[in-house]
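# Topology and contacts: notes
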Amino acid sequence: MRNPRAFETPLAIGAPHPVSEIPVKPSRMIHFLDFSNEKMVAKVPQVAPTVDILLGNLEDAVPVDRKEAARSGLLKVGREMDLGETALWTRVNALDSPWVLDDLTQVVSEIGEKLEVIMVPKVEGPWDIHYVDRLLAQLEAKAGLSRPILLHAILETSLGVTNLEAIAASSPRIQGMSFGPADLAASRRMKTTRVGGGHPGYRTIADPEQGSEGADRPSYQQDPWHYSIARMVDACTAVGALPFYGPYGDIRDTVGCETQFRAAFLLGCVGAWSLHPDQIAIAKRVFSPDPEEVAFAKRVIEAIPDGRGVHMIDGKMQDDATWKQCEVMVKLAQMLAEKDPELAELYGMHPSSASGARAGDEAA
Ligand code: GLV
Ligand code: MG
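Residues numbered from 1 in each chain as written. Chains lettered and ligands numbered in written order. Predicted model: local features only at pLDDT ≥ 70, side-chain atom pairs only at ≥ 80, totals over all residues. Heavy atoms only, no water.

With 14 residues, helix H9 (residues 254–267) extends 20 Å from end C-alpha to end C-alpha; this agrees with the ideal 20 Å at 1.5 Å per step. Buried within H9 are the following residues: Gly-256, Cys-257, Glu-258, Gln-260, Phe-261, Ala-264 and Phe-265. The secondary structure elements touched by the buried residues of H9 are strand S9 (242–245), strand S10 (271–274), helix H10 (277–287) and helix H12 (320–339). (Helix = DSSP H or I, 4+ residues; strand = E, 2+ residues; numbered from the N terminus. Expected span 1.5 Å × (residues − 1). Buried < 20%, exposed > 50% of the residue type's maximum accessible area, 1.4 Å probe, protein only. Contact = heavy atoms within 4.5 Å.)

Shown next, in the form of structure tokens:
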């Protein structure tokens, strides 16, 4: 048993106090870059204003002989570049790898004040988070950091998915989660060679009509990630953390990517990984709510100022619960409108004019 009050106490003397709430900020895309490539480092000033989160990847996809260069590139970006409001994250190497100790030690001591979140890949249980939690506290204390670095767990094994709820509740640092669908597919022995997305073989088919057995039967592709994503959304939102869709590897299939991102958005995910500039625009489009939905949600909130009772709007029943749904939509729109003047225009919202937010509520 862990004393729940210990959640409020730093895990090392001199480390910053753990956060009691995960900050909710625009997080529509976590844009992955490999900073072992100097051209990518040079592009940071142009890319940063176009994304909500910029991530220096140190793990898979970075070749072994460029691991150190990727880390140095990230340290350079953290030390020398002004990213404005864009958050800087990293994905460190796996906890059993020869690089992770130096990854954690160097990023915390050299750019700890700049780095908001560390993604920990291949997390399998709360023990993995507890290890990083204590180590980070020690490093933060040594570096004299003023705020704790948060953790994003990537679930990439069936054991990690089995322990998803326990991982979500393992530390106040848990900012959110996503799946690594390629590693996860391998761990589960799923028979796919794709990185995320659907598969034409994973489908349902209608029963044959009696008397026309040879005729075509309607058949539809299904989403093999649906169960996992829905579980992750519950595990995260149950503890005030944020669920994300992971990578979509078929860069040319922009329609497939948009469809997967949208399904994840509707289920509750706040954003997705982007692996290519084309996916930045897709994530921005998908994870910013539809202006028509926002307009409807604003109407509901305006029509029911106290959020109580039964009302009919456009023939649709509205009550206390639908009011809360509308509030989720309007608050997200308001948060994004604060950042993006184009969206502010589309939503008819101007910075700090949230329609219908209850006093004392935070953007969520
Ligand atoms: C990403 O890390 C994946 O395994 O898909
Ligand atoms: Mg992976």
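This part takes up the domain arrangement of the protein. When cut into domains, the protein gives domain 1 (4–286) and domain 2 (291–363). The gap between the C-alpha centroids of domain 1 and domain 2 is 29 Å. Every contact between the two is made by 10 residues of domain 1 and, on the other side, eight residues of domain 2. For the pair domain 1 and domain 2, the summed buried area comes to about 720 Å², and 57% of that belongs to carbon and sulfur atoms. Its largest share of buried area at the contact with domain 2, domain 1 owes to Val-24, Pro-26 and Arg-28, together 51% of the area lost on that side. (Domains from an automatic or database assignment. Buried area = accessible area lost by both parts, 1.4 Å probe.)

For the rest of this paragraph, the subject is the site of ligand 1. All residues adjacent to ligand 1 are Arg-91, Glu-156, Gly-180, Pro-181, Ala-182, Asp-183, Pro-247 and Trp-273. Here an oxygen atom of ligand 1 and a side-chain polar atom of Arg-91 are 3.0 Å apart. The separation between an oxygen atom of ligand 1 and a polar side-chain atom of Glu-156 is 3.0 Å. Alone, ligand 1 offers 190 Å² of accessible surface; in the complex the protein occludes 91% of this. Of all the cavities here, the one that holds ligand 1 is the second largest pocket. Here the shell around ligand 1 gets three residues from one element, more than from any other, and that element is helix H7 (residues 181–188). By residue class, the composition of the shell around ligand 1 is four nonpolar, one polar and three charged. (Near = heavy atom within 4 Å. Polar contact = N/O pair within 3.5 Å; in protein donor to acceptor, adjacent residues only side chain to side chain. Areas by Shrake-Rupley, 256 points an atom, 1.4 Å probe, with all protein chains shown as cover. 1 Å grid on protein atoms, 1.4 Å probe; cavity = no way out; pocket = protein on both sides within 12 Å on 5 of 7 lines; lining within 4 Å. Sits in = over half its atoms within 2 Å of the grid points. Nonpolar A, V, L, I, M, F, W, Y, C, P; charged D, E, K, R; others polar.)

Sheet strands pair via backbone hydrogen bonds, and the direction of the pair is either parallel or antiparallel. With parallel pairing, the eight strands of this closed barrel are ordered in space as S1-S2-S3-S4-S5-S6-S9-S10. Strand-to-strand, the axes of this sheet are offset by a mean angle of 25°, without reference to chain direction. In this sheet, strand S3 (residues 87–91) lies alongside strand S2 (residues 53–57) in parallel orientation, the contact comprising five bridges. From the neighbouring strand, Leu-54 faces S3, where its bridge partner is Leu-88. (Pairing = 2+ DSSP bridges. Axes fitted to C-alpha atoms, helices over the stretch in contact; angles between N-to-C directions.)

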